[in-house]
Structures are given as C-alpha cells and as structure tokens.
Amino acid sequence: MRALCFAFAIIMALCVPGLAQNTATLAGTVTDPAGNSVPGATVLVENQFTRYRAEVKTEDDGSFAVTNIPFHSYNIVISMAGFESFRTQLSLRSNIRSVLDVKLQLAGVTDSVTVSERTTILVDPEETGTHVQMNQSDIERLPLQVGNRGLESVVSNFPGFAVNANGAIHPRGAHNQMTFVIDGMPISDQLTGAFANAVDPNIVQTVELFTGNIPAEYGNKVSAVANVTTKSGLGSNRKFMGNTVLSAAQFDMLGQVTSFAGEVGKIGYSATVNTMKSNRYLDSVSLDNLNNGGNNQRSFFRLDWMPTERDVLRLNGMAGRSSFQLANLRSQQEAGMSQRQYLGDASGSLAWVRTIDAQTTFDTTTSYRTTQAQLFGSPNDTPVTASQARHLSTFTSGGRLNMIRGRHQFRMGGDVQVFPVSEYFSFGITQPDFNDPLSDEYNPNLLPHDLSRGGRPFQFAGKDTGGLYSGFFQDNVRLGDFQLSLGLRYDNYRLLVNGQQWQPRLGASYHLRATNTVFRASYNRLFQTPPNENLLLSSSPEAAAIAPPVIAEQLGSAIAAIRPERVDFFELGLQQGLGARVSLTAAYYHKRAVDQQDNDNFLDTGIIFPITLQSIRINGLEGRLNVTPMRGFSGSLSVTHSRAISTPPFSGGLFLGNDAIELLSEGPFVIDHDQPLSIAGLLTWTSRSGLFSTLAVRHDYGLVANPSDPDVVANDPDFFDLLPYVKLNQTPARVTPRTLTDVVVGYERYRGDRKAWELAGQVSNLTNQTALYNFQSVFVGTRVVQPRTVGVRFRIFF
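Residues numbered from 1 in each chain as written. Predicted model: local features only at pLDDT ≥ 70, side-chain atom pairs only at ≥ 80, totals over all residues. Heavy atoms only, no water.

Student: Residue-level account of the sheet that holds strand 2 (residues 42–47), with values.
Tutor: Backbone-to-backbone hydrogen bonds join strands into a sheet, with any given pair of strands oriented parallel or antiparallel. Strand order in the open sheet made by the 4 strands is 3-2-5-6, with antiparallel pairing throughout. If you trace the sheet from one side to the other, it starts and ends with strand 3 (52–57) and strand 6 (86–92), each paired once. Neighbour-to-neighbour, the strand axes of this sheet turn through a mean angle of 20°, independent of strand direction. Pairing of strand 2 with strand 3, which is carried by 6 bridges, proceeds in the antiparallel orientation. Bridge pairing in strand 3 links leucine 44 to glutamate 55. (Pairing = 2+ DSSP bridges. Helix = DSSP H or I, 4+ residues; strand = E, 2+ residues; numbered from the N terminus. Axes fitted to C-alpha atoms, helices over the stretch in contact; angles between N-to-C directions.)

See the structure below:
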C-alpha cells in the first residue's frame, strides 16, 4: 500500500507540479430577453451566516467569473439597471466550475420568469460534522490581542478550544495537534509564539475550521484543521490597489502591515508584508515582565494565472523570522541572565488545476517548507544554561481527482511527505540547589551534568529523515434529506518507528425541513503522527539516561520510542435555525486514544519536547449561537465544556525540575487540556456613518496547574505573589477563573464607493484583570495573562 500511494502521488506530481485547490468557481453569462449580452451587470455571491461576500461585474460579452469561493451554499443575486434582479441559491462545494447562465427580464416583466426569494442561510444540511467559517471582514474587526499573535487567536473564538500561553490552543481536549492548510499547503508545525512563527491573519480571505468529521483528505495532525484561503487579485478589476496599517500600543509595541493586490489580464497577484516589535513579546513568566523584548517580520505573496478556460495555476510564497528574549523570573533577572531565541521559516508552493470536462477536475500538489530555531544562552544563566539549533524541512507532493456523477461527489488522491530533521541541544545545571542531593526530588541521573558540582554539559546531536505516505477516497452523496460522507484514508509513517493505519471517516446528516433542523452523527479513526520538532532528542538514549528514575521504573526502561497516536472519535450534533436571523449549533464528542501526544516544557523557556502517555479519554459538549447582521449588529456566543483524563506512564521528553512527574505517574490524572467551562462572545456593530465597534468577552474556568505545595510557593521569591491566582488546595489544582474583555472602536471613511482611510482604538484586557494561563505546569510552565493594553491603528487605502 505504501508503494501504491507513493507511485500514485509521484505520477500526479510529475504531470504538473501544483497544489490542491479547495475553493469553488462560479462562472456564466448574463443576457437580455433577446439573447444579447449585458455588460456591467452586478453579480453578488453572499452567505450572511458565514459573512462571505464577493461582487463582480460582467464583461463586455456578458460573461463573469467569481473565483476563490469557500465551499458552502450561497445566495446569488444578479442585477442591472432597467432589469428585474435575478435571485437563486447554489451549493458550491467542489473545485469543478459551476456554470450559471442567466437571462434577465426587463423591469416590470416578472410573469415569464421564476426566481427564488433571497433567504438567509442559517443551517447547512450538507455538513456531517462541526465546520465553521470566518472571513476577512470579520477578522479585520476582531480585537485581537496587541502583540505577537497569529491565526490561532482567530480560531480560538470558535467553540472547542482551550486557550493557553503564547498562542497555544487545545482543540477539543487534545494538545496543539492542529494542521493549517494554506491554499492547500499543509502546515503541521507547532505554531506558538515561542516555538514557531505563526500564520499571519492578514493574508486570510477565509478560514474554514473542521473539528468534527474531519474529511479523509486531511491527515497528520487532525484534532482540528484550519483550511485557509488567501487573498487573490483575480476578480478585483483593478491593476493595483492596497492598504497600509500603522499600529502602536503600550509596551513599546510598534507595527505595520502593507498589503497590495491587482490583476493584469489573466494574471492576479497579492502580497503582504508585516513587521512588529514589542517589549512584551511573549506572555511573561512573572508579574514584572522582565527581559521580554522581541520583533518579527512576515511576508507572503500569491500569483494566479488562468492561461486557458480549463487551467488555473497558482504560485505561493511565505516567509517569517523572529528574534526575541526569553522572559526572566526575578532571580534570573538579578543574576543577569539574558537568553535569546531566533525562529525562521520559508515555504513555497505551485498549484495547477485542470478541468477535464464539465464534471471532472484534476489537481496536483507540490510544496516545500523549511523552519529553523536557535536558542542562545548567556554567561549568567540560572538555574540551567542551554543552547539549541534545530532544523526541519517538509516536502509534500500529491494529487487529487474530483468527479461529480449524479448524486455523488467523489474526491480521491494520494500524498508523499518527506521530512529531514536535524537537532542539536546542550544544557548544564548552574545553580547548586536546583538538583540538591539532599532534596526529596533529587535526580541522580542529572549529576554528571551539574556544572556547579564539576560536571560537564549534556550534549545531543542527531539527524534523520522521515516519511508519511498517504492515500484517501471520499464520496459525498445526497439522498433526499439525508447527506452521507463516506471516507477512507490510509497512512504509513516512518521515522524512528514504523506505523500504519486504515482510517474510516464516516458521517451522516438529516435535514428536517419543517423545523429547519439538521441532525448529524459521525465516526472518525484518526492517526496522529508525532511532532517532528525535538523528536530525535526526546526518543534518544541520551535523554533516557537523564530521565527521572520513576520513568524508568514504570517502563522497565527509560527508552521508549514515541509512536503515532491512534484515536477513535465520535460526534453527535445538531444545527437549528431560529427565526430569520439566528442559528444554534450544538455537538457532543467522545475521544479515546492510545499513545497520547503531548509536550513537556523545558523550564519556562517555551522550548518543548515531545512526550507520550499511555492513553487519554476526552468527553466534550459545545454550542454556538450565531446572529446574522441585523440593523448593523451581528455576533456569536460559543460555549465549551471538556473533560480530559490521561493515563501514564510518560515516555520521551526532557524532564528537568518537574517535581510533579512522580505524582502524575501514580495513575490517571486530569491533564491541563481539561477545561470545565469556556465562554467566548463577540458583538459587532457597524453604522452607515462609518463608525464600527467590536466587543469580545471570554471566560475560562481555568486550566489544570501543577500540584505545588502552597507553603513552598509562599516562600519562593519568584512565585509568592502568584498564589492568589492559583488554587493549590484543591484536586486537581487549577489557575483561578478569568474573564477578559477586549474592545475596538473605529471609524472608516469612504471616497465614493471605495474606502479611503480607517482609524481605530483598541483596549485588550479592559478590566485589567490579573490572571494566569498556567502555573508551574509540567507541560507549559508559568505564564501570566497580558495586563490592560491600549493601542491605536491607522489604515490608509490606495
């Protein structure tokens, strides 16, 4: 099977290198009653529920084409002065071009044509699992936290996500096992501010989020999948346009984002350049925000070319770099510690979609991504000095065949992914009481690397190349009011260990038209591969040799290779239309997994090492109330409850100074993914005068913290003042609940029908609540929520 998948993907890739396209195209012609072309007619494609809107004008010959449309159902409105408007509703869910030829009737003549009424789409009968969307206009109005935050801060507004420090998110009780698909290019790196450069939300036109019934074409890290469609210049009807955003905020934060796009003939282009610096770059490890400056730069470009009516080619490029200090505790600041980290990445992809006939398309996939990370120690590091150089590259090639045959919509394909990895890591203990032989937590395996007692630095260097070979088949079939999603995926993984898995991805929905209700049920088998970052060290004999003795006692040996996680995932859900403007979505899910994937945190550096536990069991309940625009107001309310219980033993990782390992190794425990209650509310208001405002409120019950001794913490000069914000006298220990309010207020000015400029002010953490993301956690460390931060931004359009 591995050979077949490999051969299939290579054959497809050799035809023309490219990248899968998961967007729809609507094309057609507009004529008058006599059959003459109608140039300049307005074609509107809109879904008020997802807030997607695209508008184009017909050409001189009456033709039009709307590209880059996210898969969904849409209201189509075609209008022209002197004619009756034409309205209909279409389901656009394939990259096979949909054709709509319309004959407009003269104004006042409506008895000779039947048109459908324009209705708000509140439910989606064709979705068999939890799937939500957010578009560019909504993202631009979000009061995202000022500073270093990427696309993960956008998706965390949806239900099912527990928010952690530095942009880390836990989708449906899992660790950060999430894939971002950028115009078809999969990125499964662990995207947090301290570990990798995040995806820039400024490049996004639409983000689709799958958290239930994951389509069979997606693999690797699939607790959640964010399918991102970037901005395209095609259809803009302008040779050049763009905007520049200048922003400033407290903590010496300065930033700018410049975007431009356009089309010349059959070529469209878009690009974005983003730069930022801040003296609170990461979430701080103490209330004092010490040694925490940083900067980053990101860039993106996209080229689209339609050489023929049957062919679409696309070239994407993306790069980023960041350089920042690692936040200090008070004792580290007093000692003069000044560690620094550098992150860099670059990626590119080439796409080609070929229309074979009116019901068949073929696309191929080739993309390359490379990342690097370096940690630089300083002369006064305490309690440990460390350095790192890590490099990961990912080459992906594959193909897709799409067919519509009657009531069936088929999609099938294969992928080959190759990922060379190299790692270097070194550390040494510099503080005598960090691993004191007289303490109860003494680890004798660390003594050879205790520099304060004459030891030598621990050093590791390794290289390897892994592979993931995949194939899938998907059939979406409509049977009256029933929708079936029938998928099957096969993965073959090879890096340090070999693993393979057949994965049924099955879902069904039923539309009860009388009440506008959709019922859903699905079962997925998931095969989640280990994170590649620091995997070699975590699985090495060198790491096993310094592991706490309790790890070796439980495993019989401290060496245990990190294997792919295997998950059985069940979901039941419903979607209910309420009146003409409101939609309610609810879901219950259950997961049980073996070889659970997670990370342990290297002190408070943000450097993380992969680990596994024997198993995890997750149950969750979530709901979302969505209100479509009404008198300028729109909003949503998301509620999530999740329960996550892990069973040891631990394997992998690099545990230093984590006293809780022995306690957590005694039996099943509630892991920090567990979140009894999260509530996220968004309220947006837009006036015809140009004023706008968005209010975001998020309540989190509190993640599980380290079961530290309160008396010890009270006498620790680094942590004593954090005691009011963590509940250490309960089981499990948790950080205290928090409710954070963010608000943005602005004004946009138009010149004719085009935006001229925009001015907005923002306040993050409006009530200035002091709170923690986590406390002395094995998995995250200690991180403090950003205090009230006031910022301003100015955007000019050109």
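Student: Any chance you could break down the sheet that holds strand 15 (residues 224–230) for me, citing the residues and the numbers?
Tutor: One open sheet accounts for 5 strands, arranged 9-14-15-12-13; its pairing is mixed. The open sheet terminates on both sides in strands that have one partner only, identified here as strand 9 (131–135) and strand 13 (185–187). The average angle at which neighbouring strand axes cross in this sheet is 20°, direction not considered. Note that strand 12 (residues 178–182) and strand 15 share 5 bridges and pair parallel. Each bridged residue has a counterpart across the sheet, and for threonine 179 the counterpart in strand 15 is valine 225.

Student: Describe in detail the side chain of glutamate 565, supporting the description with residues and values.
Tutor: With respect to the helices, strands and loops of the structure, glutamate 565 is situated in strand 29 (residues 565–578). Look at glutamate 565: it is buried, it has no salt bridge, and the nearest opposite charge is lysine 591 at 8.0 Å. Leaving out residues up to four positions away in the same chain, glutamate 565 has contacts with Gln177, Leu526, Phe527, Gln528, Ala593, Val594, Asp595, Gln596, Gln597 and Ile616. (Buried < 20%, exposed > 50% of the residue type's maximum accessible area, 1.4 Å probe, protein only. Lys, Arg positive; Asp, Glu negative; His and termini not counted. Salt bridge = Lys/Arg side-chain N within 4 Å of Asp/Glu carboxyl O. Contact = heavy atoms within 4.5 Å.)

Student: Describe unusual backbone geometry, listing the residues and the values that go with them.
Tutor: Most of the time, phi is negative for any residue but glycine, and the peptide bond is trans. A cis geometry characterises the amide bond from proline 648 onward to proline 649, with omega recorded as 20°. Tracing the backbone through its elements, the reader meets proline 649 in strand 32 (residues 633–652). Omega for the bond connecting threonine 731 with proline 732 falls within 30 degrees of zero, at -5°, which places this linkage in the cis form. Structurally, proline 732 is set in the loop between strand 36 (726–727) and strand 37 (734–735). Not every positive phi belongs to a glycine, and arginine 51 is a case in point at roughly 65°.

Student: I'd like a rundown of the packing of aromatic side chains, residues and numbers included.
Tutor: Applying the stated criterion to the full structure yields 20 aromatic pairs. A ring pair is formed by phenylalanine 260 and tyrosine 269, whose centres lie 6.5 Å apart and whose planes are at 55°; its orientation type is tilted. Phenylalanine 260 sits in the partly exposed class, given a relative accessible area of 31%. Members of the aromatic cluster, each reached through a chain of ring pairs, are Phe240, Phe260, Tyr269 and Phe798. A cation sits over an aromatic face here: arginine 141 above phenylalanine 692, 3.9 Å from the ring centre. In this arrangement the basic side chain of lysine 727 is found over the ring face of tyrosine 701, its NZ or CZ atom lying 5.8 Å from the centre. (Phe/Tyr/Trp six-rings, centres within 6.5 Å; stacked < 30°, edge-to-face > 60°. Lys NZ or Arg CZ within 6 Å of the ring centre and 35° of its normal.)

Student: Got a sec to walk through the pairing of strand 17 (residues 253–264)? Specific residues and values, please.
Tutor: Here 9 bridges tie strand 16 (residues 241–249) to strand 17, and the two strands are oriented antiparallel to one another. Each bridged residue has a counterpart across the sheet, and for alanine 248 the counterpart in strand 17 is leucine 254. Turn length for the strand 16-strand 17 hairpin, with the two strands adjacent in sequence and antiparallel, is 3 residues, and the turn residue phenylalanine 251 shows positive phi of about 65°. Remark: 2 residues form the turn of the hairpin made by strand 17 and strand 18 (residues 267–278), two consecutive strands paired antiparallel; glycine 265 in that turn has positive phi of roughly 65°.

Student: Describe the environment of aspartate 345, with residues and values.
Tutor: With respect to the element layout, aspartate 345 can be found in strand 21 (residues 340–357). On the accessibility criterion, aspartate 345 (12% relative accessible area) is buried. Remark: the alpha-carbon pair of aspartate 345 and serine 689, spanning 344 residues in sequence, is separated by 42 Å. The residues contacting aspartate 345, other than those within four sequence positions of it, are Asn197, Met318, Ala319, Gly320, Arg369, Thr370 and Thr371. Within polar-contact distance, the side chain of aspartate 345 engages the side chain of asparagine 197 at 2.9 Å. (Polar contact = N/O pair within 3.5 Å; in protein donor to acceptor, adjacent residues only side chain to side chain.)

Student: Which residues make up the pairing of strand 35 (residues 691–700), and what values go with them?
Tutor: Both faces of the sheet carry side chains from a regular strand, because those side chains alternate between them. Burial of strand 35 is one-sided: the residues Phe692, Thr694, Ala696, Arg698 and Asp700 facing one way are buried, the residues Leu691, Ser693, Leu695, Val697 and His699 facing the other way are not. The sheet contact formed by strand 34 (residues 675–686) and strand 35 spans 9 bridges and is antiparallel. Within the sheet, the bridge partner assigned to tryptophan 685 lies in strand 35 and is serine 693. Taking the residues that link successive antiparallel strands as the turn, the strand 34-strand 35 hairpin has 4 residues, and the phi of glycine 690 there is positive, at about 110°. Relative to strand 38 (residues 738–751), strand 35 is paired through 10 bridges, and the arrangement is antiparallel. Across the sheet, residue histidine 699 finds its bridge partner in strand 38, namely threonine 739.

Student: Help me get a handle on the pattern of salt bridges, residues and values and all.
Tutor: Under the definition given, this model contains 35 salt bridges. Put simply, aspartate 288 and arginine 330 hold a salt bridge, and the shortest N to O gap is 2.5 Å. A residue pair is termed long-range when its members are at least 10 positions apart, and aspartate 288 in the loop between strand 18 and strand 19 (294–308) and arginine 330 in helix 4 (residues 330–335) qualify at 42 residues. The partner of glutamate 748 in a salt bridge is lysine 755, with the nearest N and O atoms 3.3 Å apart. Since its relative accessible area comes to 28%, lysine 755 is described here as partly exposed. Overlapping salt bridges bring together Arg93, Asp124, Glu126, Glu127 and Arg478 as one network.

Student: Tell me about a nonpolar patch on the surface, residues and numbers included.
Tutor: Together, Phe240, Phe260, Trp757, Leu759, Val792, Phe794, Ile796 and Phe798 make up a nonpolar patch on the protein surface, roughly 680 Å² of accessible area in all. At the level of elements, strand 39 (754–764) and strand 42 (789–797) are the ones that each hand at least two residues to the nonpolar patch. Counting residues per element, the nonpolar patch draws most heavily on strand 42, which supplies 3 residues. (Patch = residues over 30% accessible without salt bridge, like charges linked within 9 Å, V, L, I, M, F, W, Y side chains within 5 Å. Areas by Shrake-Rupley, 256 points an atom, 1.4 Å probe, with all protein chains shown as cover.)

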